[in-house]
Amino acid sequence: MILGIEIGGTKLPFVTGDESGNILERLRLQVDPALGAGGIRKQIERALPQFLDPRHITAVGVGFGGPVDWRTGKIARSHQIEGWSGFDLAAWIGGLTRTPVFVDNDANVGALGEATLGAGSEFNPVFYVTLGSGVGGGLVVDGRIYHGATPGESELGHVRLDRAGTILESRCSGWAVDARIRELKTREPDCLLARLSASPPLSLPGRGTPPGGEAKHLSAALQQGDVHAARILQETAADLAFGLSHVVHLFHSEVIILGGGLSQVGEPLRVAVQAALRPLLMAVFQPGPLVGLAALGEDAVPVGALRMAALALAG
């Protein structure tokens, strides 16, 4: 029995499962970014006992939203949540569980999940993109995560879109799309997307209803032909394809898989990215890699965490 944990900017899922990546049970908690890393650690401490007793957990795999030293399990930093820099996550969770703990970047872990059990299972190499509170990337070659020099690699979200310093994450993350929809609501309050996203978000206990989550209405607005939703989709896809063109020219993976919360827009996003990517590639690489959607959905990182721990135990 393995415990898999995903530590993100908005969510904190736990799963238990076997070494093949089959999920047996799950728990999903909501993160309050305002409480920082300390708040997330308290949530983990409260949640762990239900998975440890009376079960026998042999290992823990963790996908963390930010650069990490995968060899030691120490966090370099989070770009969304304050208070993680330099924290020895593996040692801390190991002390709570008395088991081996393996930590890697969440996009790397999601890439492993999709490459072995998801949309990339028939391709090699596989490049995975997570579009959530941030933007991350992961490369799997021959069934193993590609690692560069410590503390990280495949940081797609920090690829620059121009010399002024605009990074891809500032344009294509779920949080970035949320912000664009909020700005749209002030300019075009009567448009369909603005009206759909006017519904109040889920409140956090004792903390009211912080802004966020507007991007989840993008798909419904697209289905109903909203021109503003279509414009946001095309602009986001164009920026993402521009960043991915560098990935293709460097690694030339057989497939690029879109995952994370924003990927739930689904086929319209996939088609738009595929179409925008092709003209950006050199002729000899045409037509370019297939762009696909994550088959595991939001289970990509938890499933990848199970597989990562199993592979680490097997040596």
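Here, every reference points to the structure presented above.
Residues numbered from 1 in each chain as written. Predicted model: local features only at pLDDT ≥ 70, side-chain atom pairs only at ≥ 80, totals over all residues. Heavy atoms only, no water.

Student: Tell me about the packing of helix α9 (residues 227-251) against helix α10 (residues 267-277), and name the residues and values.
Tutor: Two elements in contact, α9 and α10, have axes separated by 8 Å at closest approach and are oriented at 55°. Relative to α10, the element α9 is oriented oblique. For α9 against α10, the interelement crossing comes out right-handed. Residues Leu-233, Gln-234, Ala-237, Ala-238, Leu-240, Ala-241, Leu-244, Ser-245 and Val-248 of α9 lie in contact with α10, whose contacting residues are Pro-268, Leu-269, Ala-272, Val-273, Ala-276 and Leu-277. (Axes fitted to C-alpha atoms, helices over the stretch in contact; angles between N-to-C directions. Helix = DSSP H or I, 4+ residues; strand = E, 2+ residues; numbered from the N terminus. Parallel < 35°, antiparallel > 145°, perpendicular 65-115°, else oblique. Left-handed = near helix turned anticlockwise from the far one by under 90°. Contact = heavy atoms within 4.5 Å.)

Student: Which residues make up the sheet that holds strand β10 (residues 144-145), and what values do they have?
Tutor: One open sheet accounts for five strands, arranged β10-β9-β8-β11-β12; its pairing is mixed. Only two strands of the sheet have a single neighbouring strand rather than two, namely β10 and β12 (290-293). Where strand β9 (residues 135-141) and β10 come together, two bridges link them in antiparallel fashion. Bridged to Val-141 within β10 is Arg-144. Contacts from helix α4 (residues 106-117) reach β8 (126-131), β9, β10 and β11 (255-259) within the one sheet, and its direction differs from that of β9 by about 45°. Set on the sheet, α9 makes contact with β8, β9 and β11; between it and β8 the angle comes to about 155°. (Pairing = 2+ DSSP bridges.)

Student: Quick one: what's the story with the sheet that holds strand β1 (residues 2-7), residue by residue and with numbers?
Tutor: The strand order β3-β2-β1-β4-β7 describes an open sheet built from five strands, whose pairing is mixed. Unpaired on one side and paired on the other, β3 (23-30) and β7 (101-105) mark the two borders of the sheet. Across the sheet, the axes of successive neighbouring strands diverge by a mean angle of 15°, strand direction being ignored. Pairing of β1 with strand β4 (residues 59-64), which is carried by six bridges, proceeds in the parallel orientation.

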